[in-house]
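A closer look at the structure
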Amino acid sequence: MGTELENELLLDRVETALNTIRPYLEADGGNVKVLEVTNDKVVRLELVGACGSCPMSAMTFKAGLEEAILKAVPEVSRVEATNLTPAF
C-alpha cells in the first residue's frame, strides 16, 4: 500500500474520530479542520471559529481532540494544532 493511500485511509479514520467531538465544538461556535496527515503520520489540525480564539483551546486540544484521535487511530505518531491560544 502506498503512503498516499495510507494517508487517505488515516485521514478518514481521523475525521471519524473528530466527528465524535465536533458537536461539542459546534455548540460553542467552533470546529476543527484537518490540515494534513504527513508521511510520518503526524496529524496537523486547525481550530476554527470560536475555538481558534478560545483561552481553553489548549485543554480542548489535549483532552478532547488529541485523545480522540490517538485512541481511534493508534498509528498516528503525533497530533499538532497550528493555532492554540495561550491560556494566559
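Look up a bit, the structure's there.
Here's a quick rundown of the structure. All figures in this text were calculated on a predicted structure; none of them were measured in a lab.

1. Some words on the overall build of the chain
Across its full length, the chain carries three helices and three strands. When its helices and strands are written in sequence order, the chain yields α-α-β-β-α-β. By its C-alpha atoms, the chain is 45 × 25 × 20 Å across when sized along the principal axes. Sorting the 88 residues of the chain into buried and exposed places 34% on the buried side. For the chain, long-range pairs separated by at least 24 residues make up 54% of all intrachain contacts whose partners lie at least 6 apart in sequence. If you sum the accessible surface of the chain, you get close to 5,200 Å²; carbon and sulfur atoms cover 57% of it. Computing the positive centroid from 8 side-chain charges and the negative centroid from 14, the chain places the two 4 Å apart.

2. Describing unusual backbone geometry
Although it is not a glycine, Lys 41 adopts a positive phi angle of roughly 65 degrees. Locating Lys 41 in the fold gives a position in the loop between β1 (30–37) and β2 (42–49).

3. Overview of the side chain of Ser 57
The residue Ser 57 is located in helix α3 (residues 57–72) in this model. Filtering out sequence-adjacent residues up to four positions away, Ser 57 remains in contact with Leu 47, Cys 51, Leu 84 and Thr 85.

4. Quick notes on the nonpolar core
Residues Val 14, Leu 18, Val 43, Leu 45, Leu 65 and Ile 69 are the most contacted members of the largest nonpolar core, which totals 19 residues. At the level of elements, α1 (3–19), β1, β2 and α3 are the ones that each hand at least two residues to this core. The dominant element in this core, judged by the number of residues it contributes, is α3, at four residues. Once you skip the residues sitting within four places of it in the chain, Val 43 turns out to touch Val 14, Val 34, Glu 36, Val 37, Ile 69, Val 76, Arg 78, Val 79 and Glu 80.

5. Points about the pairing of β1
Two strands pair when backbone bridges link them, and β1 and β2 are joined in this way by seven bridges, in the antiparallel orientation. The partner of Val 32 across the bridge, within β2, is Leu 47. Adjacent in sequence and paired antiparallel, β1 and β2 are bridged by four residues, among which Lys 41 carries a positive phi angle near 65 degrees.

6. Focus on the sheet that holds β1
With respect to topology, three strands assemble into an open sheet ordered β1-β2-β3, the strand pairing being mixed. Only two strands of the sheet have a single partner each, and these edge strands are β1 and β3 (78–81). Going across the sheet, the axis of each strand differs from the next one's by a mean of 30 degrees, ignoring polarity. The sheet contacts of α1 involve β1 and β2, and relative to β1 the element is tilted by about 165 degrees.

7. Concerning the pairing of β3
The sheet contact formed by β2 and β3 spans four bridges and is parallel. From the neighbouring strand, Val 43 faces β3, where its bridge partner is Val 79. Note on the crossover from β2 through α3 to β3: the handedness is right-handed.

Thresholds applied
- Residues numbered from 1 in each chain as written.
- Predicted model: local features only at pLDDT ≥ 70, side-chain atom pairs only at ≥ 80, totals over all residues.
- Heavy atoms only, no water.
- Helix = DSSP H or I, 4+ residues; strand = E, 2+ residues; numbered from the N terminus.
- Buried < 20%, exposed > 50% of the residue type's maximum accessible area, 1.4 Å probe, protein only.
- Contact = heavy atoms within 4.5 Å.
- Areas by Shrake-Rupley, 256 points an atom, 1.4 Å probe, with all protein chains shown as cover.
- Lys, Arg positive; Asp, Glu negative; His and termini not counted.
- Charge placed at Lys NZ, Arg CZ, Asp CG, Glu CD.
- Core = buried A, V, L, I, M, F, W, Y, C linked by side-chain atoms within 4.5 Å.
- Pairing = 2+ DSSP bridges.
- Axes fitted to C-alpha atoms, helices over the stretch in contact; angles between N-to-C directions.
- Right-handed = clockwise from strand over helix to strand, strands pointing away.

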